[in-house]
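Summary of the model geometry
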Amino acid sequence: MTVANADQRHYRIKAAQRDLIAACGGIQRAAVIVDFSDAQVGRWNNGAQPDMMPVHVALALEGECGMPLVTSAMASLNNRRLADPDGAVEAANGVMRSYADVVRQVGEVMTAAALHLSDGQITPAEANEQDKLMAHLERVLSDHRKSLAQVKAVGGFTVVNGGAA
């Protein structure tokens, strides 16, 4: 293997590591998931640093976000592809389900805010209720972003006769 090929492989895997860390919610969240320091995860995330994730870390993060980003990159570098024949169907179902959750949660937030603001004031209890609803909205938005990342990972999908193809 030439030096150029080694560099290409290194940067391809580093890019997959960055994508994986982002898909898991960023450096701090990934650090919590794998029980490594923010600094170490930051080095894995930084293309200019030589540090590579251990295999068990990549597998843990891939399991968390449901996307084999590093594993796929390594397979691709060896002229292989991971097979997941139902990937498009799973991605379609996931994105539709998570989008419905987002719409429902936005509706709950809007309803609560409208009720609380209808008298021109917000009590601490009402503010607390809205805050809890917004925290839940953040979680469903994060889930939807993961679903969208899965759609990107499988190359998109087309709905044909009510199902994904």
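Just above, that's the structure.
Residues numbered from 1 in each chain as written. Predicted model: local features only at pLDDT ≥ 70, side-chain atom pairs only at ≥ 80, totals over all residues. Heavy atoms only, no water.

1. Some words on the overall build of the protein chain
- For the protein chain, the helix and strand inventory stands at seven helices and two strands.
- From first element to last, N terminus to C terminus, the protein chain shows the α and β order α-α-α-α-α-α-α-β-β.
- For a compact globule of 165 residues, the expected C-alpha radius of gyration is about 15 Å, and the protein chain comes in at 20 Å, more than 25% above that figure.
- For the protein chain, the spread of C-alpha atoms along the three principal axes comes to 70 × 45 × 20 Å.
- Counting over 165 residues, the protein chain shows a buried share of 30%.
- Summarising the internal contacts of the protein chain: among those between residues at least 6 apart in sequence, 65% fall at separations of at least 24.
- Working note: accessible area of the protein chain is about 10200 Å², and carbon and sulfur atoms make up 55% of it. (Helix = DSSP H or I, 4+ residues; strand = E, 2+ residues; numbered from the N terminus. Rg over C-alpha atoms; globule rule 2.2 N^0.38 Å. Buried < 20%, exposed > 50% of the residue type's maximum accessible area, 1.4 Å probe, protein only. Contact = heavy atoms within 4.5 Å. Areas by Shrake-Rupley, 256 points an atom, 1.4 Å probe, with all protein chains shown as cover.)

2. Remarks on the environment of Gln28
- Inspection of the secondary structure assignment puts Gln28 in helix α2 (residues 27-34).
- Between the C-alpha atom of Gln28 and that of Glu62, which follows or precedes it by 34 residues, the distance is 16 Å.

3. Considerations on helix α5 (residues 69-77)
- Within α5, burial applies to Val70, Ala73 and Ala75.
- In the stretch just after α5, Asn79 is the one whose phi turns positive, near 55°.

4. Side note on the packing of helix α4 (residues 55-65) against α5
- Where α4 meets α5, the axes come as close as 8 Å, and the angle between the chain directions of the two elements is 120°. Classed by the angle they form, the pair α4 and α5 counts as oblique. Residues Ala58, Leu59 and Glu62 of α4 form the contact with α5, whose own contacting residues are Leu69, Val70 and Thr71.
- Its residues assigned to classes, the contact of α4 with α5 shows four nonpolar, one polar and one charged. (Axes fitted to C-alpha atoms, helices over the stretch in contact; angles between N-to-C directions. Parallel < 35°, antiparallel > 145°, perpendicular 65-115°, else oblique. Nonpolar A, V, L, I, M, F, W, Y, C, P; charged D, E, K, R; others polar.)

5. Examining the pattern of salt bridges
- For the coordinates displayed, the defined rule picks out four salt bridges.
- Asp51 is the partner of Arg43 in a salt bridge, and the nearest nitrogen-oxygen pair spans 3.6 Å.
- For Arg43, a relative accessible area of 30% corresponds to the partly exposed category.
- A salt bridge links Arg104 to Glu108, with the shortest nitrogen-to-oxygen separation between them at 3.5 Å. Remark: Glu108 and Arg104 occur in helix α6 (residues 87-117); sequence separation between them is four residues, near one turn of the helix.
- Owing to a relative accessible area of 35%, Glu108 belongs among the partly exposed residues under this scheme.
- Connected through shared salt-bridge partners, Asp101, Arg104 and Glu108 make up one network. (Salt bridge = Lys/Arg side-chain N within 4 Å of Asp/Glu carboxyl O.)

6. Let's talk about the nonpolar core
- Ranked by size, the top nonpolar core spans 20 residues in total, and within it Leu20, Val41, Trp44, Met53 and Leu61 carry the most contacts.
- If you list the elements that add at least two residues to this core, you get α1 (3-23), α2, α3 (38-45), α4 and α5.
- For this core, the element with the highest residue contribution is α1, accounting for five residues.
- Counting six residues, the second largest nonpolar core, distinct from the first, contains Val102, Val109, Leu133 and Leu137. (Core = buried A, V, L, I, M, F, W, Y, C linked by side-chain atoms within 4.5 Å.)

7. Section: α2
- For α2, the set of buried residues is Ala30, Ala31 and Val34. One side of α2 holds all its buried residues, which, seen down the axis, span an arc of 105°. In α2, the exposed residues that point more than 90 degrees away from the buried face are Gln28 and Val32.
- Once α2 ends, the next one or two residues include Asp35, with phi positive near 60°. (Arc of directions from axis to C-beta.)

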